[in-house]
Amino acid sequence: NNLPEALFWYRLAHAKSMDAETVELFGSYESKVKEMCACCYRSLSTDNRKCCVECRAVYYCSRECQVADWKAGHKKDCVKALKKRLSAAGNSFYV
């Protein structure tokens, strides 16, 4: 799943200014991500939504779904987790 990386680059580019059409496109995409659990695809409301604390790019309906998705591969996709691993290995390019 390339979502965490795509949203990371979107947020980085948005912070450095981006044309209005691209901001609107990614903004609508990011808002849709918040409406569905990344693991079981259940609809989410603001009361039952949990966000990955590492990348803040995927949302879950429960702690169980968050753990299941982490083990199923989100661990490899999570951009902040990747940056932390690279930083710990001494690669400052990604920090």
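Once a new chain begins, its residue numbering starts again from 1 and follows that chain's sequence as written. A pLDDT threshold of at least 70 governs which residues receive local features in this predicted model, and a stricter bar of 80 or more applies before side-chain atom pairs are shown or counted, although totals over entire chains, interfaces and linings include all residues. Think of the side-chain values as coming from all heavy atoms in the structure, minus any hydrogens and water.

### Quick notes on the overall build of the protein
Regarding its fold elements, the protein presents four helices and two strands. Every helix listed is a DSSP run of H or I at least four residues long, and every strand listed is a run of E at least two residues long, numbered separately from the N terminus. Sequence-ordered secondary structure for the protein, helices as α and strands as β, is α-α-β-β-α-α. Expressed as a percentage of its 95 residues, the buried residues of the protein come to 27%. Pairs at least 24 residues apart make up 37% of the contacts formed inside the protein by residues separated by at least 6 positions. Summing over all exposed atoms, the protein offers an accessible surface of approximately 6500 Å²; the carbon and sulfur share of this is 54%. Remark: exposure states derive from per-residue accessible area (1.4 Å probe, protein chains only) relative to the maximum for the residue type, with buried under 20%, exposed over 50%, and partly exposed in between. Note on contacts: a residue pair qualifies if any of its non-hydrogen atoms lie within 4.5 Å across the two residues. Computed by Shrake-Rupley with a 1.4 Å probe, the accessible areas treat only the displayed protein chains as cover when residues are assessed.

### A short note on the side chain of His74
Checked against the element boundaries, His74 lands in helix α3 (residues 63-77). Under the relative-accessibility criterion, His74 is labelled buried at 4%. If sequence neighbours within four positions are ignored, His74 has contacts with Pro4, Cys52, Cys55, Val58, Tyr60 and Asp69.

### Description of α3
To estimate the expected span of a helix, count its residues, drop one, and scale the result by 1.5 Å. Look at α3: only 18 Å from first C-alpha to last across 15 residues, short of the 21 Å you get at 1.5 Å a residue. Throughout, bend refers to the angle between the axes fitted to the seven residues that end at a position and the seven residues that start at it. For α3, the principal kink sits at Lys71 and spans about 70°. Where α3 is concerned, the buried positions are Cys65, Gln66, Asp69, Gly73 and His74.

### Comments concerning the side chain of Gln66
Relative to the elements of secondary structure, Gln66 occurs in helix α3. Ignoring any residue separated from it by four or fewer positions in sequence, one finds Gln66 in contact with Cys51, Cys52, Val53 and Tyr60.

### Some remarks on unusual backbone geometry
Positive phi, normally seen in glycine, also occurs at Tyr41, with a value near 65°. Even without being a glycine, Arg56 presents a positive backbone phi close to 55°. A relative accessible area of 43% places Arg56 in the partly exposed class.

### Quick look at the nonpolar core
With 16 residues, the main nonpolar core has Cys37, Cys52, Cys55, Val58 and Tyr60 as its most contacted residues. Contributing elements (two or more residues each) for this core: α1 (3-15) and β2 (59-60). It is α1 that contributes the most residues to this core, three residues altogether. Excluding residues that lie within four positions of it along the chain, Cys55 makes contacts with Pro4, Arg11, His74, Cys78, Val79 and Lys80. To form a nonpolar core, buried Ala, Val, Leu, Ile, Met, Phe, Trp, Tyr and Cys residues must be joined to one another through side-chain atoms within 4.5 Å.

### Some details on the environment of Tyr41
Within the secondary structure layout, Tyr41 lies in the loop between α2 (20-33) and β1 (50-51). For Tyr41, a relative accessible area of 57% translates into the label exposed. Sequence separation between Tyr41 and Cys61 is 20 residues, and the spatial gap between their C-alpha atoms is 8.8 Å.

### Observations regarding the confidence of the model for the protein
A score between 0 and 100, pLDDT records how confident the predictor is in each residue. Taken over all residues, the pLDDT of the protein has a mean of 78, while the share at 70 or more is 78%. At the level of individual helices and strands, the protein shows its lowest average pLDDT in helix α4 (residues 79-88), which scores 68, and its highest in β2, which scores 93.

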